[in-house]
Amino acid sequence: MTTSPTAPLARLYLVRALAALVWAALLLLTAPAAGPWQTALLVLYPLLDVAAVTWQIRADRAQPGTRAAERVNVAASLVVAIALGFAATASPSAALVVWGLWAIGAGLPQLIAAIGRRRQGGQVAQMLSGGISVLAGGSFLASGLRGGTDVAGVAGYATLGAIFFLVSAAALRTSGRRATA
């Protein structure tokens, strides 16, 4: 039996989706009271992104391209993890500002990478996810700048991202089965 070249990416998308859903549930459980658990969770999410994108870069070695967008995403997510650690201890508003900036900064490279990978299939959801990330980031940024404190809203953002990753994983598995049949 031949393994599809898209199988590792489909597995990655499935793992990313499950991790995001677990993370969102944990954030909702801690959301009523800001504190160290919430700060830890806010810092953890961009670190999960770093791990996933690094895995993606390694899995895509056989594909042509520089992976510049993915490398920008990794660097930005590392910086954001540190910034969220400081911002979340300052105020929920500051955390929302940082989260919003990150969502914009992570969404753009995701959109660019998905457009570049569109021939592999399963990328429409990733393009939508990147675009929506930019829009949601703008909303979080505006909320934080207005003094908003509803950090639980980012759980919805992560859940929507998980849905997009699940759709992409399913599409890649389907296209991979067709390619190996």
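Residues numbered from 1 in each chain as written. Predicted model: local features only at pLDDT ≥ 70, side-chain atom pairs only at ≥ 80, totals over all residues. Heavy atoms only, no water.

(A) Structural view of the environment of S139. Tracing the backbone through its elements, the reader meets S139 in helix 5 (residues 124–145). The partly exposed category is assigned to S139, whose relative accessible area is 47%. As for S139 and L160, which are separated by 21 residues in sequence, their C-alpha atoms are 15 Å apart. (Helix = DSSP H or I, 4+ residues; strand = E, 2+ residues; numbered from the N terminus. Buried < 20%, exposed > 50% of the residue type's maximum accessible area, 1.4 Å probe, protein only.)

(B) Structural detail: the packing of aromatic side chains. Summed over the entire model, instances satisfying the criterion amount to 8 aromatic pairs. Consider the rings of Y45 and W99, whose centres lie 5.5 Å apart with planes at 40 degrees: the pair is tilted. Taken together, the residues span a long stretch of sequence, with Y45 in helix 2 (residues 36–59) and W99 in helix 4 (residues 92–116) at a distance of 54 residues. The burial state of Y45 is the same as that of W99; both residues are buried. Here W99 and W102 contribute two aromatic rings whose centre-to-centre distance is 5.1 Å and whose plane-to-plane angle is 85 degrees, an arrangement assigned as edge-to-face. Remark: W102 and W99 occur in helix 4; sequence separation between them is 3 residues, near one turn of the helix. Taken individually, W99 and W102 each receive the classification buried, so the pair is uniform in this respect. (Phe/Tyr/Trp six-rings, centres within 6.5 Å; stacked < 30°, edge-to-face > 60°.)

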